[in-house]
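Overview (structure and organization)
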Amino acid sequence: MTTVICVECDGELEMTDDVLVGEIVECPDCGVELEVTSVSPLTIELAPEVEEDWGE
Amino acid sequence: MLIVKVGGSLGIDYDAVCDDMAALVKAGEQLVLIHGGSAQTNAVAEALGHPPQFVTSPSGYTSRLTDRRTLEIFQMVYCGQMNKGIVERLQQRGVNALGLSGMDGRLWQGPRKQAIKVVENGRTRILRDTYTGIVETVNTNLITSLLTSGYTPVLTPPALSAAGEAINVDGDRAAAATAVALHADTLIILSNVPGVLQTFPDEASLIPAIQLNDLETMAEAYAHGRMRIKLLAASEALHAGVRRVIIGDARSQRPIRRALEGQGTTIA
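The paragraphs below set out a description of the structure included in this document.

Cut-off values and rules
Along each chain, residue indices are assigned from 1 in the same order as the chain's sequence is written. Starting at A for chains and at 1 for ligands, labels are handed out in the order in which the entities are written. Totals for whole chains, interfaces and linings use every residue, but because this is a predicted model, local features are given only for residues with pLDDT of at least 70 and side-chain atom pairs only at 80 or more, for both listing and counting. By convention in this description, side-chain values take in all heavy atoms of the structure and omit both hydrogens and water. What counts as a helix is a DSSP run of H or I of at least four residues, what counts as a strand is a run of E of at least two, and both are numbered from the N terminus. Contacts between residues were defined by any pair of non-hydrogen atoms, one from each residue, lying within 4.5 Å. Residue exposure ignores everything except the shown protein chains as possible cover, and the areas themselves are Shrake-Rupley values with a 1.4 Å probe. Two things to know: the radius of gyration comes from C-alpha atoms, and the globule rule equals 2.2 Å times the number of residues to the power 0.38. With a 1.4 Å probe rolled over the protein chains alone, any residue whose accessible area is under 20% of its type maximum counts as buried; one over 50% counts as exposed, and the rest are partly exposed. In short, buried area is how much 1.4 Å probe accessible area vanishes from two parts on joining, totalled over both. The salt bridge definition used is simple: a Lys or Arg side-chain nitrogen within 4 Å of an Asp or Glu carboxyl oxygen. Pairs of N or O atoms within 3.5 Å make up the polar contacts considered here, provided that, within protein, one atom can donate a hydrogen while the other can accept it, and that residues adjacent in sequence are counted only when both atoms are side-chain atoms. Ten residue types, Ala, Val, Leu, Ile, Met, Phe, Trp, Tyr, Cys and Pro, are classed as nonpolar, four, Asp, Glu, Lys and Arg, as charged, and the remainder, Gly among them, as polar. Strands pair, by our definition, only if DSSP identifies at least two bridges between them. Where helices are involved, their axes are fitted lines through C-alpha atoms of the stretch in contact, as for all axes, and angles between N-to-C directions lie from 0 to 180°. We define a nonpolar core as any set of buried Ala, Val, Leu, Ile, Met, Phe, Trp, Tyr and Cys residues linked to one another through side-chain atoms lying within 4.5 Å. Our working definition of a disulfide is a cysteine sulfur pair at a distance within 2.5 Å.

1. Digging into the overall build of chain A
- Counting its regular elements, chain A contains zero helices and five strands.
- N-terminal to C-terminal, the α/β element order of chain A is β-β-β-β-β.
- Long-range contacts, defined as pairs at least 24 residues apart, comprise 17% of the intrachain contacts of chain A with a sequence gap of at least 6.
- Put simply, chain A shows about 3,200 Å² of open surface, and 47% of that area lies on carbon and sulfur atoms.

2. Some thoughts on the overall build of chain B
- Scanning chain B from N- to C-terminus turns up eight helices and 16 strands.
- In summary, chain B has a C-alpha radius of gyration of 17 Å against a globular reference of 18 Å for 268 residues, a match within 12%.
- Relative to its full complement of 268 residues, chain B shows a buried share of 54%.
- Intrachain contacts of chain B at a sequence separation of at least 6 include 72% that bridge at least 24 residues.
- With the model as given, the accessible surface of chain B reaches about 11,000 Å², and the carbon-plus-sulfur share is 48%.

3. Observations concerning the interface of chain A and chain B
- Counting residues at the interface gives 17 residues for chain A and 28 residues for chain B.
- The junction of chain A with chain B conceals about 2,100 Å² of combined surface from both sides, 46% of it contributed by carbon and sulfur atoms.
- We note a salt bridge from E23 of chain A to R123 of chain B, for which the minimum N-O separation is 2.9 Å.
- Here chain A is connected to chain B by seven residue pairs in polar contact (both at pLDDT 80 or more).
- Classifying every residue of the side of chain A that touches chain B gives seven nonpolar, two polar and eight charged.

4. Observations regarding the sheet that holds strand β13 (residues 186–191) of chain B
All names here are of chain B.
- Strands sit in the order β5-β10-β2-β1-β13-β15-β16-β14 across an open sheet of eight strands; the sheet is mixed. This sheet does not close on itself; its edge strands, each paired only once, are β5 (97–101) and β14 (209–210).
- Sheet analysis places strand β1 (residues 2–6) next to β13, joined by five bridges and oriented parallel. When the sheet's bridge partners are listed, V6 is paired in β13 with L190.
- Helix α4 (residues 140–148) contacts β2 (31–35), β5 and β10 (152–156) of the sheet and is inclined by roughly 145° relative to β10.

5. Brief notes about the nonpolar core
Residues and elements named next belong to chain B.
- Within the largest apolar cluster, 41 residues are counted, with the highest numbers of intra-cluster contacts made by W108, L187 and L231.
- With six residues, helix α7 (residues 226–239) is the single largest residue contributor to this core.
- Discounting residues that sit within four places of it in the chain, W108 has contacts with I34, G102, V135, T137, V138, L155, T156, P157, A159, L160, A174 and T178.
- Counting 29 residues, the second largest nonpolar core, distinct from the first, contains V4, I86, V95 and A250.

6. Considerations on the state of the cysteines
- Throughout the structure, instances matching the rule amount to zero disulfides over all chains.
- Cysteine C30 of chain A remains unbridged, with the sulfur of C9 of chain A as its closest cysteine sulfur at 3.7 Å.
- The cysteine C18 of chain B is free of any disulfide, with C79 of chain B supplying the nearest cysteine sulfur at 17 Å.
- Take C18 of chain B: its relative accessible area is 1%, and that puts it in the buried class.

7. Focus on the pattern of salt bridges
Residue and element names in this part refer to chain B.
- Under the counting rule described, the total for this entry stands at 20 salt bridges over all chains.
- Put simply, R69 and E72 hold a salt bridge, and the shortest N to O gap is 3.3 Å. Here E72 and R69 lie together in helix α3 (residues 68–92), a separation of three residues that amounts to about one turn.
- On the accessibility criterion, R69 (33% relative accessible area) is partly exposed.

8. Quick word on the pairing of strand β15 (residues 244–249) of chain B
Residue and element names in this part refer to chain B.
- Where burial is concerned, most of β15 is hidden: six out of the six residues are buried.
- Because side chains alternate across β15, one face comprises the buried residues R244, I246 and G248, and the other comprises V245, I247 and D249, equally buried.
- Pairing of β15 with strand β16 (residues 265–267) involves three bridges; the strand directions are antiparallel. The partner of I246 across the bridge, within β16, is T266.

These results come straight from atomic positions and should not be treated as a statement about function.
What follows is the structure in C-alpha cells.
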C-alpha cells in the first residue's frame, strides 16, 4: 500500500500496489474523483469530467 | 419522410431490407437509410491482426474501443464494403442510391471526446486517444438536396469532429439526430432481434408497445447490451419531436413495412 495526498482536501488515500494508470479513485474524505496519472512515482490529479462512451 | 437504421449484426438480411426500400421508393416514399457494420468490422479486424476491443461505461453501455488503427478498419468496412454493398443492392433494384459517410460534406458533425470513462474488472479508468464522439449537427441541406434530386441517401458513420477528424459515433443515435433534424415522423431501427424482449433472448416475450413516459423504466428493466443504446436513441428522437420510433426485425422479408404495420416494438 502507498499513501498519497488528495489534491483537493489534503486528505490521505491508501492506494493498492496494483493500481493502474488512468484508474479513478475516490477520496474517502472529500469524495472527489481522482485520476492516477503515474504509478512510478505514484501521482494523482483531479479526474476530468467526461461523458460516457457511446460510440458504435 | 422515413428514416431507417439497419444494424450491422449477424443475421440481418440486407437483400430483404433493400427489396423493401425499393418497393417503398417506387411507391413515392422518401427514405434515408443509415447502416452499421459491427459484425463485419469485427471479422476484418480479426483478419488484419487487430482484434476488436469493447469497453463498458459506468452505466453499463458497451462500445468499441476506437484507436487509430481500429478507426481505419472501421472506415474500410463501414464506408467501403457495407456502404457500397448496400448501394449496389439498391441500384440493382432500380433505386438511385448514393452512399456517404458522416464525414462527407460535413454530414454529421460533433465533438470528439477527449477522454472516456470505462469500467474494467470492477475498476473505473480514464482512457484517452480514442476516436469517438457524438453527432450534434446534421447537414440537412445536403440530405434534402439529394432527396429532391431523386437520390436515396445511404449514410454511415464515422462522423466528423470540429477539427476535421473522423470519429466513431453510435449509428442508432446518429439516426435519431438525423430524424430530428429532418423533422421525420417515424424512425425505424432494425436489427437481428424482433424488438424489445421482456426476457432476452426469448423472442416470444416481445414487448409490442412502450409509452414514452415509461421508456426509461422499461429500458432499465428489460434492455440489455446494444438494446440499451437503441432505447436511448429512441428517447432522444421522441423528446426532440419525432412522433414514433419502431424497433423491428431485419432478418426476414418486408422488414420496413412489417415494422410500419406494427410488428416490433413501437415507442411513442
